[in-house]
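In case you want the letters, here they are:
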Amino acid sequence: MQTHTIGDIRIDRLMESEGAFADADFLFPEISPTLIETQADWLMPTFIDPETKKIIMSFHSLLIRSSRSTILVDCCVGNHKHRPNRPEWHQLNTPWLAKLKTLGLQADDIDYVLCTHLHADHVGWNTQLVNGQWVPTFPNAQYIFGQLEYQYWEEACRSHEGDSPLNHGSFDDSVLPIIEAGKAILVDNDHQIEPGIWLEPAPGHTPGNVIVHVKSGTQHAILTGDVMHSAIQLANPDLSSRFCSDAILSRDSRTKLIETYAETPVIMMPAHFPTPTAGRIVRRGNAFEYLFN
Ligand SMILES: [Zn+2]
């Protein structure tokens with residue numbers, strides 16, 4: 001996506017990686033074997049790779065700049081994170097942080113970091129490895145975590161037993177160091193960051209999952225996080241992902257979002273839709289379709 005202007009507010013995308021990463025029936029265990037075939041005219045080649053039939057996903061952050069503040073939403077996988085159970089995330093070394101400069105920004109310029117939820121692919125760049133320690137990447141930022149989300153993972157990680165750590169160990173290397181540095185603010189799920197920029201609860205993918213509204217003048221965008229992972233879920237909004245903690249609640253949050261904003265000018269900016277990412281939801285038969293903006 002190019003720079004989007006929402007009234008007086010600017011939104012840019014900062015991509016970490018993009019590619020045909022996941023088999024559709026892995027990410028969406030309930031998918032009908034014929035769904036992609038019947039919707040191929042709009043899903044391929046942008047959302048589904050015609051050769052491998054894998055889902056094309058992007059991992060990116062979104063940067064909101066208003067007259068008041070610079071807000072980084074979601075923090076991808078991060079560099080040097082130990083993720084042996086996800087080879088495509090393991091020990092990454094990407095120029096994501098250096099690319100901030102191409103947007104005219106440095107790490108010092110970020111006022112807020114906001115994680116829509118605390119999965120490993122949304123918290124990674126919260127921290128970076130300096131002299132063997134995980135330290136906050138953005139020294140002047142306050143990190144906004146949902147209170148409910150934080151409590152859920154704090155308890156889950158504390159009581160977890162098993163060979164591999166919960167959430168690929170991301171709570172320990174990408175969330176706790178922020179808390180320990182005194183940089184976190186734990187907020188309600190309808191928190192307003194400033195006039196025109198606020199959170200809305202969208203539970204199901206995780207218990208404290210949120211979406212982020214950006215509204216200025218007559219324009220409105222929603223950073224939808226992982227309420228939808230792929231445009232396939234517009235062809236069948238009932239499809240929750242393998243990684244949703246509550247598939248039914250995730251479906252309900254997704255259906256509410258889709259039904260509310262379909263056929264409106266409101267721009268969606270999902271966390272994993274491929275380039276150019278931003279678009280609108282329109283009706284198609286009994287379901288929906290995605291049109292890039
Ligand atoms: Zn995600």
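In the block above lies the structure referred to throughout.
These numbers were taken from a predicted model, which means no experiment stands behind them.

Taken together, the buried positions of helix α6 (residues 170-180) are Ser 170, Phe 171, Asp 173, Ser 174, Val 175 and Ile 178. Where the residues of α6 are buried, they touch α4 (120-123), β6 (127-130), β7 (133-136), β8 (142-146), α5 (147-159) and β9 (184-187). Looking one or two places after α6, you find Gly 182, whose phi comes out positive at around 70°.

For the rest of this paragraph, the subject is the sheet that holds strand β3 (residues 54-65). With mixed pairing, seven strands are arranged side by side in an open sheet as β1-β2-β3-β4-β5-β8-β9. At either end of the open sheet lies a strand with only one pairing partner, and these are β1 (4-6) and β9. Adjacent strand axes in the sheet meet at a mean angle of 25°, parallel and antiparallel pairs treated alike. Strand direction decides the pairing type here: strand β5 (residues 112-114) and β8, joined by three bridges, are parallel. When the bridges of β8 are listed, Val 113 appears paired with Tyr 143. Along the sheet face, α5 touches β8 and β9 and points at about 75° away from the line of β8.

Time to look at the nonpolar core. Taken as a class, soluble globular proteins show a tendency for nonpolar side chains to be buried jointly. Ranked by size, the top nonpolar core spans 72 residues in total, and within it Ile 11, Ile 64, Val 113, Val 212, Ile 232 and Met 269 carry the most contacts. It is β3 that provides the largest number of residues to this core, a total of seven residues. Beyond its immediate stretch of four places on either side in the chain, Val 113 contacts Leu 72, Cys 75, Asn 126, Phe 138, Ala 141, Tyr 143 and Ile 144.

Attention now moves to the environment of Phe 273. For Phe 273, the position within the fold is in the loop between β14 (267-270) and β15 (279-284). With 25 C-beta atoms counted inside 10 Å, the residue Phe 273 sits in the buried group. In sequence terms Phe 273 and Phe 47 are 226 residues apart; their C-alpha atoms lie 7.7 Å from each other. Not counting residues within four places of it along the chain, the set of residues in contact with Phe 273 comprises Ser 58 and Ala 231.

Each regular strand carries side chains that alternate between the two faces of the sheet. Across the seven residues that make up strand β13 (residues 219-225), a large majority, five, are buried. In this sheet, β13 lies alongside strand β12 (residues 210-216) in antiparallel orientation, the contact comprising five bridges. Among the inter-strand pairings, Lys 215 is bridged to a residue of β13, identified as His 220. Connecting β12 to the next strand, β13, in antiparallel fashion are two residues, including Gly 217 with a positive phi near 60°. Where β13 lies against β14, three bridges are found, and the strand directions are parallel. Its bridge partner being in β14, Ala 221 is matched across the sheet by Ile 267.

With that settled, the discussion passes to unusual backbone geometry. Here the residue pair Met 44 and Pro 45 is connected by a cis peptide bond, since its omega of 0° sits within 30 degrees of zero. Secondary-structure assignment places Pro 45 in the loop between α3 (40-43) and β3. Residue Pro 276 is reached from Thr 275 by a cis peptide bond, and omega for that bond is 10°. Among the secondary structure elements, Pro 276 is positioned in the loop between β14 and β15. One non-glycine residue, Lys 53, lies in positive phi territory at about 65°.

Calculation notes
- Residues numbered from 1 in each chain as written.
- Predicted model: local features only at pLDDT ≥ 70, side-chain atom pairs only at ≥ 80, totals over all residues.
- Buried ≥ 20, exposed ≤ 12 C-beta atoms within 10 Å, placed from the backbone.
- Helix = DSSP H or I, 4+ residues; strand = E, 2+ residues; numbered from the N terminus.
- Contact = placed C-beta atoms within 7 Å.
- Pairing = 2+ DSSP bridges.
- Axes fitted to C-alpha atoms, helices over the stretch in contact; angles between N-to-C directions.
- Core = buried A, V, L, I, M, F, W, Y, C linked by C-beta atoms within 7 Å.

By themselves these figures say nothing about function.
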